[in-house]
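Below are the chains, spelled out letter by letter.
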Amino acid sequence: LARRIWAPSRPVPSGMVIVPTSARTDRELGSVALITSLIVDNQIVDLDRSRDELQYHAVAVAAGSKRDRAEHINAPVERLIAAVDRAERSHS
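Notes on the structure follow. Quick caveat, the model's predicted, so the values are computed rather than measured.

**Focus: a nonpolar patch on the surface**
Taken together, Leu34, Ile35 and Leu38 make up a surface patch of nonpolar side chains, about 340 Å² in accessible area. For Ile35, the position within the fold is in helix H2 (residues 26-37).

**What to know about the side chain of Ser37**
Mapped onto the elements, Ser37 comes out in helix H2. Setting aside residues no more than four positions away along its own chain, Ser37 makes contact with Asn42, Gln43 and Ile44.

**Here we look at the sheet that holds strand E2 (residues 42-48)**
If you walk across this open sheet you meet the 3 strands as E1-E3-E2, and the pairing is antiparallel. Taken across any chain shown, the strands that pair with only one partner, and hence form the sheet edges, are strand E1 (15-20) and E2. Between one strand axis and the next, the sheet turns by 25° as a mean value, whatever way the strands run. Strand direction decides the pairing type here: E2 and strand E3 (residues 53-58), joined by 6 bridges, are antiparallel. When the bridges of E3 are listed, Ile44 appears paired with Tyr56. Sheet strands in contact with H2 are E2 and E3, and its direction is about 155° off that of E2.

**A short note on the nonpolar core**
Counting residues in each nonpolar core, the largest one holds 12 residues, listed as Val17, Val19, Ala23, Leu29, Val32, Leu54, Tyr56, Ala58, Ala70, Ile73, Val77 and Ile81. Of all the secondary structure elements, the ones that give two or more residues to this core are E1, H2, E3, helix H3 (66-73) and helix H4 (75-91). Among the elements that make up this core, the one with the highest residue count is E3 (3 residues). Apart from residues no more than four positions distant in its own chain, Leu29 is found in contact with Thr21, Ala23, Arg24, Leu47, Arg49 and Leu54.

**With respect to the side chain of Thr21**
Tracing the chain through its elements places Thr21 in the loop between E1 and H2. With a relative accessible area of 7%, Thr21 lands in the buried category. Within the structure, the side chain of Thr21 is placed 2.3 Å from the side chain of Glu78, a separation counted as a polar contact. Excluding its chain neighbours within four sequence positions, the residues that come into contact with Thr21 are Leu29, Asp52, Glu53, Leu54, Asn74 and Glu78.

**Let's talk about the pairing of E3**
Of the pairings in the sheet, the one linking E1 to E3 comprises 6 bridges and is antiparallel in character. Among the inter-strand pairings, Val17 is bridged to a residue of E3, identified as Tyr56. Following E2, the chain reverses through 4 residues before pairing antiparallel with E3; Asp52 in that reversal takes a positive phi of roughly 55°.

Conventions used here
Residues numbered from 1 in each chain as written. Predicted model: local features only at pLDDT ≥ 70, side-chain atom pairs only at ≥ 80, totals over all residues. Heavy atoms only, no water. Patch = residues over 30% accessible without salt bridge, like charges linked within 9 Å, V, L, I, M, F, W, Y side chains within 5 Å. Areas by Shrake-Rupley, 256 points an atom, 1.4 Å probe, with all protein chains shown as cover. Salt bridge = Lys/Arg side-chain N within 4 Å of Asp/Glu carboxyl O. Helix = DSSP H or I, 4+ residues; strand = E, 2+ residues; numbered from the N terminus. Contact = heavy atoms within 4.5 Å. Pairing = 2+ DSSP bridges. Axes fitted to C-alpha atoms, helices over the stretch in contact; angles between N-to-C directions. Core = buried A, V, L, I, M, F, W, Y, C linked by side-chain atoms within 4.5 Å. Buried < 20%, exposed > 50% of the residue type's maximum accessible area, 1.4 Å probe, protein only. Polar contact = N/O pair within 3.5 Å; in protein donor to acceptor, adjacent residues only side chain to side chain.

In structure tokens form, the structure reads like this:
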């Protein structure tokens, strides 16, 4: 990332990306936002609960639909968090 920023000959196609989310609870949304923002390529910026969407600032914006981008950015993390959440609720 530092090399891309300091080397102007390598343009950074950064931008904002809006992706759908399956996270619904505060706990799920908070976990997804924090965990996915640990990745250098994207940072959570906002969420829209009425549309079930997350907005990220991404260093490299990939082409594709919202669903394609969600599968790359947040869906794998959401699946893990949902599994942990279900397991904890079943033990309560």
